[in-house]
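Residues per chain are reported as follows:
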Amino acid sequence: MKLYNPNTLEKLGFDTVRKAVERRLSSQDARDAWAMREPLADWKLLQIDLGRTQELLNLLTTGTSLPAFRFLSVKPYIRKLAVEGNWLSLEELYELVSWMKAVYRIREFFHKQEEEVYPLLKKMIGEPIFQQSLTLHISALFDDRGKLRDNATPELFRIRQS
């Protein structure tokens, strides 16, 4: 939003709101996305954002709980995989698949709700960007502690049995 006076946002207290929200964000990705936000000048977009905020507030105040998750930043892993010939360490792969499972659980939570309960959040989440079967296949290779299972591959099973 272009303003004639650069001090307008400060006078309106937007910088105070920005800092207060930033302190509550749990990941660097969320802080980066928040830093890019500007006040909305488009009334329709503002209405959508306010509607999403109200839906999230309703979710938080009704005692309904979202699936438990901890979002890690997977950008470094995605960048790493974009380079041909690169691979992820087992720990990186486990963190990536944990992130994928969290995204899926949150998407599933909203899509199981009645259409009128969280329509804007449901629409915002949309369809998955990766196949659930891929997530299940990769996660089956790891135990609950993130360690590679003995039977992750037939070769590994044979090596660990000898």
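In this text the structure is predicted, and so the values were computed from the model without any measurement.

A. Layout of the pattern of salt bridges. Tallied over the full model, the rule gives nine salt bridges. A salt bridge links D49 to R52; the nearest nitrogen and oxygen atoms lie 3.6 Å apart. Pair noted here: D49 and R52 are both in helix α4 (residues 43–61), with a separation of three residues, about one helical turn. Residues E115 and K122 are paired through a salt bridge, measuring 3.2 Å at the closest nitrogen-oxygen approach. The class of E115 is partly exposed, set by a relative accessible area of 47%. In this structure K122 comes out as buried when scored by relative accessible area, which is 13%. What emerges from the salt-bridge pattern is a single network uniting R37, D49 and R52.

B. Main features of the side chain of R18. Position of R18 among the secondary structure elements: in helix α2 (residues 14–24). We note that R18 is buried and unpaired, the nearest opposite charge coming from E38 at a distance of 4.1 Å. A polar atom in the side chain of R18 sits 2.7 Å from the backbone oxygen of R37. Once residues lying within four places of it in the same chain are set aside, the contact partners of R18 are W34, A35, R37 and E38.

Reading guide: rules and limits
- Residues numbered from 1 in each chain as written.
- Predicted model: local features only at pLDDT ≥ 70, side-chain atom pairs only at ≥ 80, totals over all residues.
- Heavy atoms only, no water.
- Salt bridge = Lys/Arg side-chain N within 4 Å of Asp/Glu carboxyl O.
- Helix = DSSP H or I, 4+ residues; strand = E, 2+ residues; numbered from the N terminus.
- Buried < 20%, exposed > 50% of the residue type's maximum accessible area, 1.4 Å probe, protein only.
- Lys, Arg positive; Asp, Glu negative; His and termini not counted.
- Polar contact = N/O pair within 3.5 Å; in protein donor to acceptor, adjacent residues only side chain to side chain.
- Contact = heavy atoms within 4.5 Å.

This is a description of form; function is not addressed.
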